[in-house]
Amino acid sequence: MNDSYNYGFFAKEVALKLDIKSSTLRQWALALEEEGYEFQRNDKDQRIYFDRDNSMFFELKKLIEKKRSRQDAIKAVAKLYRDRENAE
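What counts and how
- Residues numbered from 1 in each chain as written.
- Predicted model: local features only at pLDDT ≥ 70, side-chain atom pairs only at ≥ 80, totals over all residues.
- Heavy atoms only, no water.
- Salt bridge = Lys/Arg side-chain N within 4 Å of Asp/Glu carboxyl O.
- Helix = DSSP H or I, 4+ residues; strand = E, 2+ residues; numbered from the N terminus.
- Buried < 20%, exposed > 50% of the residue type's maximum accessible area, 1.4 Å probe, protein only.
- Axes fitted to C-alpha atoms, helices over the stretch in contact; angles between N-to-C directions.
- Parallel < 35°, antiparallel > 145°, perpendicular 65-115°, else oblique.
- Contact = heavy atoms within 4.5 Å.
- Nonpolar A, V, L, I, M, F, W, Y, C, P; charged D, E, K, R; others polar.
- Arc of directions from axis to C-beta.
- Left-handed = near helix turned anticlockwise from the far one by under 90°.

S.K.: Account for the pattern of salt bridges, with residues named and values stated.
M.R.: Inspection of every chain in the model, using the stated rule, returns five salt bridges. A salt bridge links arginine 47 to glutamate 33, with the nearest nitrogen and oxygen atoms 2.9 Å apart. Pair noted here: arginine 47 is in strand S2 (residues 47-48) and glutamate 33 is in helix H3 (residues 22-34), with a separation of 14 residues, a long-range link. Across the pair lysine 62 and glutamate 59 runs a salt bridge whose closest N-O atoms are separated by 3.7 Å. Here glutamate 59 and lysine 62 lie together in helix H4 (residues 51-65), a separation of three residues that amounts to about one turn. Relative accessible area serves as the criterion here: at 46%, lysine 62 is assigned to the partly exposed category. Judged by its relative accessible area of 26%, glutamate 59 falls in the partly exposed class. It is possible to trace a salt-bridge network through shared partners that takes in Glu33, Arg41, Asp45 and Arg47.

S.K.: Go over the packing of helix H2 (residues 11-18) against H3 with me, naming the residues and quoting the values.
M.R.: Put simply, H2 and H3 touch, their axes get as near as 9 Å, and they point 105 degrees apart. In terms of axis orientation, H2 runs roughly perpendicular to H3. Along its contact with H2, which presents Ala11, Lys12, Val14, Ala15 and Leu18, the element H3 presents Ser22, Leu25 and Trp28. A class-by-class count of the residues in the contact of H2 with H3 yields six nonpolar, one polar and one charged.

S.K.: Can you explain H2? Please cite residues and give values.
M.R.: Buried within H2 are the following residues: Val14, Ala15 and Leu18. The arc that holds every buried residue of H2, seen down its axis, measures 100 degrees, which confines them to one face. Facing away from the buried side of H2 by more than 90 degrees, the exposed set consists of Lys12 and Leu16. Looking at the buried side of H2, the elements it contacts are H3 and H4. Where H2 ends, the next residue or the one after it, aspartate 19, has phi of about 60 degrees, a positive value.

S.K.: Before we move on, could you go through the packing of H2 against H4 and cite the residues and values that matter?
M.R.: Remark: H2 packs on H4, axes separated minimally by 11 Å, with the N-to-C direction vectors making an angle of 40 degrees. Accordingly, the angle class assigned to the pair H2 and H4 is oblique. Judged by the twist between their axes, the crossing of H2 over H4 is right-handed. Packed against H2, whose contacting residues are Val14, Lys17 and Leu18, the element H4 presents Asn54, Phe57, Phe58 and Lys61 at the interface. Taken together, the residues of the contact of H2 with H4 sort by class into four nonpolar, one polar and two charged.

Next up, the structure:
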């Protein structure tokens, strides 16, 4: 099995993959949590991002780049991924 399925990533690694600042990723994560999306955290209460989370962030970035408002994009992505989780 691929290591990325077993181990999560910290914000810095995810931000580099997305080509955004770590502060932007943090803002997105906070906004998503306000919409009910939950991230796993380690024993130091740091968010740990897994493949599912990374896919969601790429989707969010695409929506924002398509000139969708940040808040609308966050709401849409949070709902989409919550619905997928409930379906599983």
